[in-house]
Amino acid sequence: MSDESVWFDPAEPNVDAYRQSKRLAERAAWDFMKRQDSGTTLTTVLPGAVLGPVLTSNGAGSVEVIGRLLQGRVPANPRLGFEVVDVRDLADLHILAMVSEQAQGERFLGVGDFMWMSEISQTLRTALGEAARKVPTRTLPDFVLRLMALFDRSLRSMIPRLGRAHRHSSAKAERVLGWRRRPAATTLVDCAQSLIALRGL
């Protein structure tokens, strides 16, 4: 299990552009701070897949995964998984990091429970009943996703993550800042219910 002390190797093969950009941006911020003598400090918060209640019908990022499941736009569950973190808990973590002197110059992981897509789908179907009738129950074989990725460039970044359970620890945020997070199932259901209400799914 990884923690804040680990920076992934930029030379690692199959790292998608999104993850590369996040690493480059954070490293640039730390390098910039080393050159400053202003008394300003830096703290970084590194989240997992951010879900939870939405405020508008315009979904983005991780939330779209839930929207697609509810709409039946995912025929079966690929063998992908995410460390779910609630947007409300993540906001709390940012505030804690901002006001705590112990947070100065530190990195904090803000991740929650790891869940496979099949577990996410099952959670939604169990909690939402008829509202989740289009959520898939079958597993998508890896070779099918690989074949689809040949024709859909947006799927290619998923291929290296097939079957891989990346797990990280938020113990530092809990220990140093007193951060607490809600169960992933609660986050998923609240996210789905807000999408249903706003989009009429």
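1. A short note on empty space enclosed by the protein
For the structure shown, the criterion picks out 1 cavity of 30 Å³ or more. Counting residues per element, the lining of the largest cavity draws most heavily on strand E3 (residues 81-86), which supplies 3 residues. Looking at side-chain class alone, the lining of the largest cavity contains 4 nonpolar, 1 polar and 4 charged residues.

2. Examining the sheet that holds strand E5 (residues 114-116)
Strand order in the open sheet formed by 3 strands is E2-E3-E5, with mixed pairing between adjacent strands. At either end of the open sheet lies a strand with only one pairing partner, and these are strand E2 (49-51) and E5. In this sheet, adjacent strand axes meet at a mean angle of 50 degrees when their direction is disregarded. The sheet contact formed by E2 and E3 spans 3 bridges and is parallel. For valine 50, the partnering residue across the bridge sits in E3 and is valine 85.

3. Comments concerning a nonpolar patch on the surface
Residues Ile95, Met98 and Val99 make up a contiguous nonpolar surface patch of roughly 340 Å² in combined accessible area. Looking at valine 99, the relative accessible area reads 60%, which means it is exposed.

4. Focus: the packing of helix H4 (residues 117-128) against helix H7 (residues 184-199)
Two elements in contact, H4 and H7, have axes separated by 10 Å at closest approach and are oriented at 65 degrees. Along this stretch, H4 crosses H7, giving a crossing that reads as right-handed. Across from Ile120, Thr123, Leu124, Ala127 and Leu128 in H4, the residues of H7 making contact are Ala185, Leu188, Val189, Ala192, Gln193 and Ile196. Of the residues in the contact of H4 with H7, the class split is 9 nonpolar, 2 polar and no charged.

5. Focus: the side chain of aspartate 89
Position of aspartate 89 relative to the elements: it lies in helix H3 (residues 87-99). Apart from residues lying up to four places away in sequence, aspartate 89 is in contact with Trp179, Arg180, Arg181 and Arg182.

6. Description of the environment of arginine 180
Looking at the secondary structure, you find arginine 180 in the loop between helix H6 (171-177) and H7. A relative accessible area of 60% means that arginine 180 is categorised as exposed. Between the alpha carbons of arginine 180 and arginine 23 there is a distance of 25 Å; along the sequence they are 157 residues apart. Not counting chain neighbours up to four residues away, the residues in contact with arginine 180 comprise Asp89 and Glu174.

The rules behind these values
Residues numbered from 1 in each chain as written. Predicted model: local features only at pLDDT ≥ 70, side-chain atom pairs only at ≥ 80, totals over all residues. Heavy atoms only, no water. 1 Å grid on protein atoms, 1.4 Å probe; cavity = no way out; pocket = protein on both sides within 12 Å on 5 of 7 lines; lining within 4 Å. Points joined across faces, edges and corners; volume = space filled by probe spheres on them. Helix = DSSP H or I, 4+ residues; strand = E, 2+ residues; numbered from the N terminus. Nonpolar A, V, L, I, M, F, W, Y, C, P; charged D, E, K, R; others polar. Pairing = 2+ DSSP bridges. Axes fitted to C-alpha atoms, helices over the stretch in contact; angles between N-to-C directions. Patch = residues over 30% accessible without salt bridge, like charges linked within 9 Å, V, L, I, M, F, W, Y side chains within 5 Å. Areas by Shrake-Rupley, 256 points an atom, 1.4 Å probe, with all protein chains shown as cover. Salt bridge = Lys/Arg side-chain N within 4 Å of Asp/Glu carboxyl O. Buried < 20%, exposed > 50% of the residue type's maximum accessible area, 1.4 Å probe, protein only. Left-handed = near helix turned anticlockwise from the far one by under 90°. Contact = heavy atoms within 4.5 Å.

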